[in-house]
Every structure is written in C-alpha cells, then in structure tokens.
Amino acid sequence: MAVDDQDNVYISTYKRAKLIKFDPKTGVFTDLGVVFPDAQYAKSMSYYKGSLYIGSKAPNTRLKKYDLSSGVFTEIALPDTNFKITSLYSSRVVRDYLISYTESDAGGKWLIYHIPENRWLPPVSGANGLYPSPEINGKCYFPAGGYIQEFDLESETVTQTDIKYNTGFRRGGAVMLKNDSYLPNLTFVHVFFDGTIAYLDRDSGNSRSDGRNCRVRREGVSGGIPRCENSRIRSF
C-alpha cells in the first residue's frame, strides 16, 4: 500500500496484481490496470514525487514505476548481483532513496536505489527487514548482520553501529517524546511483530521496549493502542 501527497491510497489486488486507487474524498475506487501480468500480486509499493515504485516476487522479480499523471508503467532494471533476487518484499522512500528489503537465494538483502539518478548502491547483506527508519538527522537506520546499520543520506555510506539487533523494523516513525529524560532526542519508534513498542534514540544511544502499551486480542484491541498524547509526532 502507498499514499500520495493528495492522500489517495494505492493497493494491489490478489490474484491478478492490479493496481487500485482509492480516493478518500469521494470514496471512489479506480482500476489503474495490471502491474505484473505474470504475477499474482505486488509485494512492495512506495510513493515518490508523482510516481509509484512497485516490486514483485519470483519467479520473475521486477521493479516498476507507475507515473500517476500519464498512467504509464516503466520497468526499472534491477542491479547486477551474484545472488538471485526472489522478492522485493517491502520498501520505503527515504529522501531520494528507495530502500527495499529483499529476499534472495543468499538471504535477506537491503537494496538501495537513488531515484533521481536511476542508480543502485551496493547491496547490504544480512538484512532482517522489513523497513528502514524514516530520515533522522540526515541518516536512516535498518537492521542487518545482527546490528543496526546507519545509512548516511549525504555520503551514501553504511556504517555498523554498536547497537545489537536481531529482529526487524515494522515501519514506524520519528517522535519527540515530551518529558522523557532517557529518550530526549528525536526517537525512532516502531512495533515488533508481537505488538511490543520499541524506542531508539540514536543520539543518546538509549533504547527501550514497552510491551504494556500494545496488547491485541483476536476479537479486538485491549489495553489501548498509544495515541502519543504526551508526544509530538514528527513523521510517520
């Protein structure tokens, strides 16, 4: 799923991999056509400056750009690698980069694509997925190799931090927490698969998780999803 700057929502159907637009202002759904004629659905989708970037899975893994103005699909060549890319599983745009968690026959990889210049950076191995963080003070973060990696959006360098981390990020955003001396800076907040909320303040090096904030039952939600009433949301 992706959302454009007019708040239109885009999804892909199963089993025909159609691209569907939903306009929340009118409540109208629009069929924009089949993205991948030989696939059952799109795996990943991100929005950037008037276009969608949509990834698929094996046996014919591909990346396509959909121009919202012209309605034209354009295939983007994947990087030459010594491994087989089996799925562009999930993605997020951070500044000018499309960062994709990728499945391959050599394990998880992060693929980083500079959109304006149409070029790929070297892949990062040992990826845990599923999404990178948003931009935080000129950097973004993602887990790989048992540690959190720091990607500098100016120099395009990836540096391993000293923070051990053996699971994945499930999207999330950057939040300023009020009256929190332990996490005083812009803090990355995301949710684990089990509903535990995790916090990482890279500037202070502090982190914590709080399973009490998010308890989910099959029949609904209990315990209350936090509404960040004591926080100022910067970017989700």
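Parameters at a glance
- Residues numbered from 1 in each chain as written.
- Predicted model: local features only at pLDDT ≥ 70, side-chain atom pairs only at ≥ 80, totals over all residues.
- Heavy atoms only, no water.
- Helix = DSSP H or I, 4+ residues; strand = E, 2+ residues; numbered from the N terminus.
- Buried < 20%, exposed > 50% of the residue type's maximum accessible area, 1.4 Å probe, protein only.
- Contact = heavy atoms within 4.5 Å.
- Areas by Shrake-Rupley, 256 points an atom, 1.4 Å probe, with all protein chains shown as cover.
- Polar contact = N/O pair within 3.5 Å; in protein donor to acceptor, adjacent residues only side chain to side chain.
- Pairing = 2+ DSSP bridges.
- Patch = residues over 30% accessible without salt bridge, like charges linked within 9 Å, V, L, I, M, F, W, Y side chains within 5 Å.
- Salt bridge = Lys/Arg side-chain N within 4 Å of Asp/Glu carboxyl O.
- Core = buried A, V, L, I, M, F, W, Y, C linked by side-chain atoms within 4.5 Å.
- Axes fitted to C-alpha atoms, helices over the stretch in contact; angles between N-to-C directions.

### A word on the overall build of the protein
- Helix and strand content of the protein: zero helices and 23 strands.
- Per-residue burial for the protein yields a buried fraction of 44% across its 236 residues.
- Put simply, 37% of the contacts in the protein that link residues at least 6 apart link residues at least 24 apart.
- Surface exposure of the protein reaches about 12,500 Å², of which carbon and sulfur atoms provide 46%.

### Focus on the side chain of Gln-149
- If you trace the backbone, Gln-149 turns up in strand 15 (residues 147–152).
- On the basis of relative accessible area, Gln-149 is assigned to the buried category, the value being 7%.
- There is a polar contact of 3.4 Å between the side chain of Gln-149 and the side chain of Gln-160.

### Side note on the sheet that holds strand 2 (residues 9–12)
- Spatial strand order, 1-2-3-4: four strands in an open sheet with antiparallel pairing. Either end of the sheet is taken by a strand with one partner, and the two such strands are strand 1 (2–3) and strand 4 (28–34).
- Pairing between strand 1 and strand 2: two bridges, direction antiparallel. Its bridge partner being in strand 2, Ala-2 is matched across the sheet by Tyr-10.

### Observations regarding a nonpolar patch on the surface
- Side chains of Met-1, Val-3 and Ile-11 sit close together on the surface and give an oily, nonpolar patch of about 280 Å² of accessible area.
- Within the secondary structure, Met-1 sits in the segment before strand 1.

### Let's talk about the nonpolar core
- Of all hydrophobic cores here, the largest spans 16 residues; its most connected members are Tyr-97, Ile-99, Trp-110, Ile-112, Cys-140, Phe-142 and Phe-151.
- Among the elements of the structure, strand 10 (97–104), strand 11 (109–114) and strand 14 (139–144) are those that each provide at least two residues to this core.
- If sequence neighbours within four positions are ignored, Phe-142 has contacts with Trp-110, Ile-112, Val-124, Pro-132, Tyr-147, Ile-148, Gln-149, Phe-151, Val-158 and Phe-169.

### Regarding the sheet that holds strand 15
- Taking strand neighbours across the sheet as the criterion, the three strands line up as 14-15-16 in an open arrangement whose pairing is antiparallel. At either end of the open sheet lies a strand with only one pairing partner, and these are strand 14 and strand 16 (158–164). Taken pair by pair, the neighbouring strands of this sheet meet at an average axis angle of 30°, ignoring direction.
- Pairing between strand 15 and strand 16: four bridges, direction antiparallel.

### A short note on the pairing of strand 5 (residues 44–48)
- For strand 5, a buried count of five out of five residues is recorded, marking the element as mostly surrounded by other parts of the structure.
- Both faces of strand 5 are covered, namely the face carrying Ser-44, Ser-46 and Tyr-48 and the face carrying Met-45 and Tyr-47.
- As paired strands, strand 5 and strand 6 (residues 51–55) are joined by five bridges and run antiparallel to one another. Within strand 6, the position partnered with Ser-44 by the bridge is Gly-55.

### Overview of the pattern of salt bridges
- A full pass over the atoms with the stated rule returns nine salt bridges.
- In this structure, Asp-152 engages Lys-139 in a salt bridge whose closest nitrogen and oxygen atoms are separated by 4.0 Å. Of the two residues, Asp-152 is situated in strand 15 and Lys-139 in strand 14; the sequence distance between them amounts to 13 residues.
- A relative accessible area of 22% means that Lys-139 is categorised as partly exposed.
- Between Glu-150 and Arg-202 there is a salt bridge, and its shortest N-O distance comes to 3.6 Å. Of this pair, Glu-150 sits in strand 15 while Arg-202 sits in the loop between strand 19 (197–201) and strand 20 (206–210), placing them 52 residues apart in sequence.
- In this structure Glu-150 comes out as buried when scored by relative accessible area, which is 17%.
- The exposure class assigned to Arg-202 is partly exposed, which follows from its relative accessible area of 24%.

By themselves, these figures tell us nothing about what the structure is for.
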